[in-house]
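Examining the three-dimensional arrangement
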Amino acid sequence: MITTENYTLPGSKGRIMSMDLTYDEANRYAPLVIFVHGFKGFKDWGTHHLVAKYFAAQGFRFLKFNFSHNGTTPEQPTDFADLIAFSENTFSIELEDLQYVIDWVCSGSVIPVAQSVALIGHSMGGGISIIKAAEDKRVSHLITMASVASFRNLWPPIAERQWRLSGVIHFPNYRTGQQMPVKSTLLDDLDRNPGRLNILANAANVKQPWLLIHGTADSVVTLSHAHELKAMQPNAQLLILPNADHVFGAGHPYLQSELPTHLHQLCEKAIAFLKQ
């Protein structure tokens, strides 16, 4: 039987991260996969629960979590209820959060203990996952979905000057109608850590098996990002899904019980890759 367990874990600056682990009770020793969400994302967005169940049915434990500063709270895990925390997020904070999660699952906190983990990162979470895979030998496999090749893809370059002058920029959330603030400390983080936060440079250092997945109809992170990443790491497998968009046919809320076609194709290819 497929079951899901819920956990919390202190993340960066002590902020609580909500997590859940989905697995087949008959296969508690299954390999562990950690899902890393993207910008303005969260662990319970759209189809993520269906993806977790799909992986569990195919012989994996699937852990998804909310970054400590993604704007959700344990009490409101599907709402951006804490825009102050969201405004203070940085890429280094997210790398620290992911480090805590990997430490947690590899320390015996999840029974049985994971000796290694596979990372699946979407969009901005793909960039975070690439860096972490280059840093941490406990990452056995890397799968990126519509990953950015540069964090600066998340905003127009012309916005940076005004962002630094005003100290904050607002990103519209068209789904919720919210104007989501991000302080210029995020830019400061990029300036202070140009090597560590260079996704392409880290891509060249990824030694693990890597499956790069991107859709041709992605208007948020264009297909050129996948080609840039592939050029930096020729050993990565590049899977291009014709007509797939940035979320591979998903949306939030997602009320259907079956995965959308493109996302189902992605999951099939990911499972085959992990079982190689």
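Everything below is about the structure shown above.
These remarks concern the structure in this document. (Residues numbered from 1 in each chain as written. Predicted model: local features only at pLDDT ≥ 70, side-chain atom pairs only at ≥ 80, totals over all residues. Heavy atoms only, no water.)

**Digging into the environment of Ile131**
The line we're drawing: A helix here means a DSSP run of H or I that spans at least four residues, while a strand means a run of E at least two residues long, and both kinds are numbered starting from the N terminus. Buried residues are those whose accessible area, probed at 1.4 Å on protein chains only, stays under 20% of the maximum for their type, while exposed residues exceed 50% and partly exposed ones sit between those limits. Every residue pair with non-hydrogen atoms within 4.5 Å of one another is taken to be in contact.
For Ile131, the position within the fold is in helix H4 (residues 124-135). Owing to a relative accessible area of 0%, Ile131 belongs among the buried residues under this scheme. Separated by 63 residues in sequence, Ile131 and Pro194 place their C-alpha atoms 12 Å apart. Those residues within four positions of Ile131 in sequence are excluded, and the remaining contacts are Leu95, Phe151, Arg196, Leu197, Ile199 and Asn202.

**Thoughts on the sheet that holds strand S5 (residues 117-122)**
Selection criterion: Here a strand pair is declared whenever DSSP counts at least two bridges between the two strands. For helices, the fitted line uses only the C-alpha atoms of the stretch in contact; every axis is such a line through C-alpha atoms, and the angle between N-to-C directions lies from 0 to 180 degrees.
The eight strands are arranged S1-S2-S4-S3-S5-S6-S9-S10 in an open sheet whose pairing can be described as mixed. Two strands in the sheet have a free side with no partner beyond their single neighbour: strand S1 (2-10) and strand S10 (237-241). Direction aside, the axes of adjacent strands within the sheet are offset by 20 degrees on average. Pairing analysis gives four bridges linking strand S2 (residues 16-24) to strand S4 (residues 61-65), with the strands arranged antiparallel.

**Some points on unusual backbone geometry**
Following His252, the chain continues to Pro253 via a peptide bond in cis, the omega torsion being 0 degrees. Here Pro253 shows up in the loop between S10 and helix H9 (261-275). You will see that Ser123, though not glycine, has its phi angle at about 60 degrees, which is positive. Of the residues examined, Ser123 reaches a relative accessible area of 6% and is grouped as buried. The phi dihedral of Ala146 falls on the positive side, at around 50 degrees, and the residue is not glycine. Among the structural elements, Ala146 can be located in the loop between strand S6 (139-145) and helix H5 (159-166).

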